[in-house]
Structure formats: structure tokens, C-alpha cells
Amino acid sequence: MTLDNEQIERYSRQILLREVGGKGQEKLLASRVLLVGAGGLGSPAALYLAAAGVGTLGLIDGDRVDRTNLQRQIAHFTPDIGTPKVESAAAKLAALNPGVKIETYTEHATADNILEIAGRYDFVIDGTDNFSAKFLINDACYFAERPFSHAGILRFDGQLLTVLPGRTACYRCLFGGPPPAGAVPSCSQAGVLGSMAGVIGCLQATEALKCLLGAGELLTDRMLIFEALALRFREVKLRRNPRCPLCGENPTITTLVEADPVVCDLREARR
Amino acid sequence: MQITVNGKSVQTREGITVTELLVEQKVKTPEYVSVELNGEILDRETFPATVVPDGATVEFLYFMGGGAR
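A brief look at the structure comes next. (Residues numbered from 1 in each chain as written. Chains lettered and ligands numbered in written order. Predicted model: local features only at pLDDT ≥ 70, side-chain atom pairs only at ≥ 80, totals over all residues.)

Concerning the overall build of chain A
Phase 1: Each helix and strand in chain A was counted, giving 11 helices and eight strands.
Phase 2: Taken over the C-alpha trace, chain A has a radius of gyration of 18 Å; the compact-globule value for 271 residues is 18 Å, and the two agree within 12%.
Phase 3: Taken across its 271 residues, chain A has 47% of its residues classed as buried.
Phase 4: Of the contacts formed within chain A by residues at least 6 apart in sequence, a portion of 70% connects residues at least 24 apart. (Helix = DSSP H or I, 4+ residues; strand = E, 2+ residues; numbered from the N terminus. Rg over C-alpha atoms; globule rule 2.2 N^0.38 Å. Buried ≥ 20, exposed ≤ 12 C-beta atoms within 10 Å, placed from the backbone. Contact = placed C-beta atoms within 7 Å.)

Quick word on the pairing of strand 1 (residues 2-5) of chain B
Residues and elements named next belong to chain B.
Phase 1: Pairing between strand 1 and strand 2 (residues 8-11): four bridges, direction antiparallel. Across the sheet, residue Thr-4 finds its bridge partner in strand 2, namely Ser-9.
Phase 2: Count of turn residues in the strand 1/strand 2 antiparallel hairpin: two residues, of which Asn-6 carries a positive phi of about 50 degrees.
Phase 3: Bridging between strand 1 and strand 5 (residues 57-62) involves two bridges; their strand directions are parallel. Bridge pairing in strand 5 places Thr-4 opposite Thr-57. (Pairing = 2+ DSSP bridges.)

Observations concerning helix 10 (residues 194-213) of chain A
The α-helix winds at 3.6 residues per turn, so residues separated by three or four positions along the chain end up facing the same way.
Residues and elements named next belong to chain A.
Phase 1: With 20 residues, helix 10 should cover 28 Å at 1.5 Å per step; its first-to-last C-alpha distance of 29 Å lies within 8% of that length.
Phase 2: In terms of residue burial, helix 10 counts as a mostly covered element, since 14 of its 20 residues are buried.
Phase 3: Looking at the residues trailing helix 10, positive phi occurs at Gly-214, about 70 degrees. (Expected span 1.5 Å × (residues − 1).)

Looking at the packing of helix 4 (residues 42-52) of chain A against helix 5 (residues 85-96) of chain A
Residue and element names in this part refer to chain A.
Phase 1: In the contact formed by helix 4 and helix 5, the axes pass within 9 Å of each other and the chain directions differ by 25 degrees. Considering their axes alone, helix 4 and helix 5 lie roughly parallel with respect to each other. In this structure, helix 4 meets helix 5 at a crossing whose hand is right-handed. Contact residues: helix 4 offers Ser-43, Ala-46, Leu-47, Ala-50 and Ala-51, while helix 5 offers Ala-89, Lys-92, Leu-93 and Leu-96.
Phase 2: Among the residues forming the contact of helix 4 with helix 5, the class breakdown is seven nonpolar, one polar and one charged. (Axes fitted to C-alpha atoms, helices over the stretch in contact; angles between N-to-C directions. Parallel < 35°, antiparallel > 145°, perpendicular 65-115°, else oblique. Left-handed = near helix turned anticlockwise from the far one by under 90°. Nonpolar A, V, L, I, M, F, W, Y, C, P; charged D, E, K, R; others polar.)

Section: the interface of chain A and chain B
Phase 1: With 34 residues of chain A at the contact, the number on the chain B side is 17 residues.
Phase 2: Those elements that provide at least two residues to the side of chain A that touches chain B are strand 5 (148-154), strand 6 (157-163), helix 8 (171-175), helix 9 (187-190) and strand 8 (232-237) of chain A.
Phase 3: Here the residues of the side of chain A that touches chain B sort into 15 nonpolar, 12 polar and seven charged.

Topic: the sheet that holds strand 6 of chain A
Adjacent strands of a sheet pair through backbone hydrogen bonds, lying either parallel or antiparallel.
Residue and element names in this part refer to chain A.
Phase 1: Strand order in the open sheet formed by eight strands is 3-2-1-4-5-6-7-8, and the pairing between neighbours is mixed. Each edge of the open sheet carries a strand with a single partner, namely strand 3 (101-105) and strand 8. Neighbouring strand axes in the sheet, compared pairwise and without regard to direction, differ in orientation by 15 degrees on average.
Phase 2: In this sheet, strand 6 lies alongside strand 5 in antiparallel orientation, the contact comprising seven bridges. Considered in strand 6, the bridge of Ser-149 is made with Thr-162.
Phase 3: Relative to the sheet, helix 10 contacts strand 1 (32-36), strand 4 (123-126), strand 5, strand 6 and strand 7 (222-227), its axis offset from that of strand 5 by approximately 170 degrees.

Looking at helix 3 (residues 21-29) of chain A
Residues and elements named next belong to chain A.
Phase 1: Residues Gly-24, Gln-25 and Leu-28 constitute the buried set of helix 3. Mapping the buried residues of helix 3 onto a view down its axis gives an arc of 100 degrees, with all of them on the same face.
Phase 2: On its buried side, helix 3 packs onto helix 2 (12-15), helix 4 and helix 10. (Arc of directions from axis to C-beta.)

Topic: the sheet that holds strand 5 of chain B
All names here are of chain B.
Phase 1: Pairing is mixed across the open sheet formed by five strands, whose spatial order is 2-1-5-3-4. The open sheet is flanked by strand 2 and strand 4 (40-41), the only strands paired with a single partner.
Phase 2: As judged from the five bridges shared by strand 3 (residues 33-37) and strand 5, these two strands associate in the antiparallel manner. Each bridged residue has a counterpart across the sheet, and for Glu-36 the counterpart in strand 5 is Glu-59.

Nothing here speaks to function; it is geometry throughout.
Printed below as a string of C-alpha cells:
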């Protein structure tokens, strides 16, 4: 692939970067990134990846745009209410950069579809809102051997971790398994400042671009904690957990299964 | 004794266990918090018996959802 004049002009500000250059830009144009969730985190991440000229973006989300989304999910506009999020987001991305191919999946990520879909991409961005999905993505990326960016936001806080499955600490190394449904507050219960999604979603896009370019150091084996009220970024050093049920020495998770919150509740009750 | 909890310097008593520290720090859902003590993620079952040493660095890691919905 060689860049045409229009591409050279469009991407000139990042082609100037030594870590990108013409070669890096060609690499980005040949790359594929999957965004699981086209909401708060997925919106800014997808917009910046499209702007940067990542050649193919996959969007998977089964939801439709709701008025309550508009406070933070910046790929969706007021006239989009009621439209599937992947369609709404795809339209904005196409308008921003017609040179990017958008692949849409109007469904939620499940144990039946995510492994195969993730396997078609070079990098996965977890922009989901619930823990069974977050563990599902962690596990699917492990089995599909795909690097991914985990992120979460709540109230004025955010967290971020990049995982190179089998090589660096994964989400299960830290948390084991999902909490029972309702045990931990969600954004719809506890609230979230909209710009948190922008800060953290943009960092996810940055990690994806670095990974695709092979530039710099990824946020692996360290979790970034963002506390907006104090405006402070902290880093917690991590390492792979030998007792991790997925990537540890004696794994108990050997196939992709979606966590059933009811089962978790029962297990808790038996304790 | 002096320890560091989530980046902040905290004064606490000697011999305090991880379970007791979670209570003292008013962690709301201690059963769903992961704890890293001096760089090591602890098994939940060991919280009651694990004593926090002087000068320790403790991180409470919370489940954080957010994103799509």
C-alpha cells in the first residue's frame, strides 16, 4: 500500500512523528480494531481511531441510542435516539473519515459470537458496561490471542489496563471473576461524569495505536487509576497471578463460557 | 505505624489485618475489592489472617464497569 496525496495531507500531523511516519501510517491503514460497546468509552475511542486512519473498525453493540446516553456517548447525537448504536456511530465515523471501513455487529458480545469476531481483529477495545462482558472479553482475547485494552469508569474515577494475553497480567489475575449482579454499583445507579468516558476512551485509543505501531511502552502489568476530583493519575504495579483461573499455572477456565450472574449469586449464598 | 493506602499515607495500628484495614478505611463492599499488598495480589481467603507490615504499600482495586450503557 502506498499513500496517495490526499492521505498524506490528511494524516500529515502524525506522519511527522518519528514513531509513525509513512510506514506507520500504512500499517495503521492495514490494521483492524474491534470496539466492543459503542457507548461512553467506545465513542471517543472509535472517533480517534477513525481519524487516525485505522483501516478497519469493527463495532459490536446490541443497544439503541437512549436520551440518557447523550451526556457522555459523543458519537451519538439527539436525532439518533432510537437508532441502533452501531449504525449511529458508523455514520459519524464514515463522515469523519470515508477512508475507513466500518464493520457493524448489531448484537451483544456473547460466548457464542465474540471469540470468532475478536479473532478477525488485531486489537480489541473493551468499552462494555457490565462485568460478565468484561470477563468474557478478557477470556475471548486470551483464547483468540489478541491484545486488548480494559477500561472502566464510575462517578469521577476511571481505570485502564492493557493486556497481552498469556504474557502480561490479565483482568482475572486481579479480580478472579465477576461480582454477583447488583453487588457493585453501575454508572446508571451511581452516576458518572461524561468527560470521564472521554479521558479514558481516548487513552484506550492511544494504547491501540501504540500497539499497532509498535511504539513506546504499553500499559501492561500496571493499572492506571484516574481520580478526576483530585485530578490525579496513579499507577498500580501488577504481575501475572500464578493462581489466575485463566492464565495461571492450573487454569480452571479452559473454554469460553459467559458468566451467569445467577450462578454467582448461588455460589455466594453457599459460602 | 505508617502505611500507604491507594497512594495516600495512612496512620494505623501495628498488627492490623487486611480485613480490619478494609473496615478501618470504610471500604463499602470489601467482599468485592481486590487487595494488593506490597505488589502481590492477595487471595481473598487470606485477608483475615494477613497482617499488614509497617511501611506497607496497600492498593484496594475496585470493580469498575462503565462504558456502553
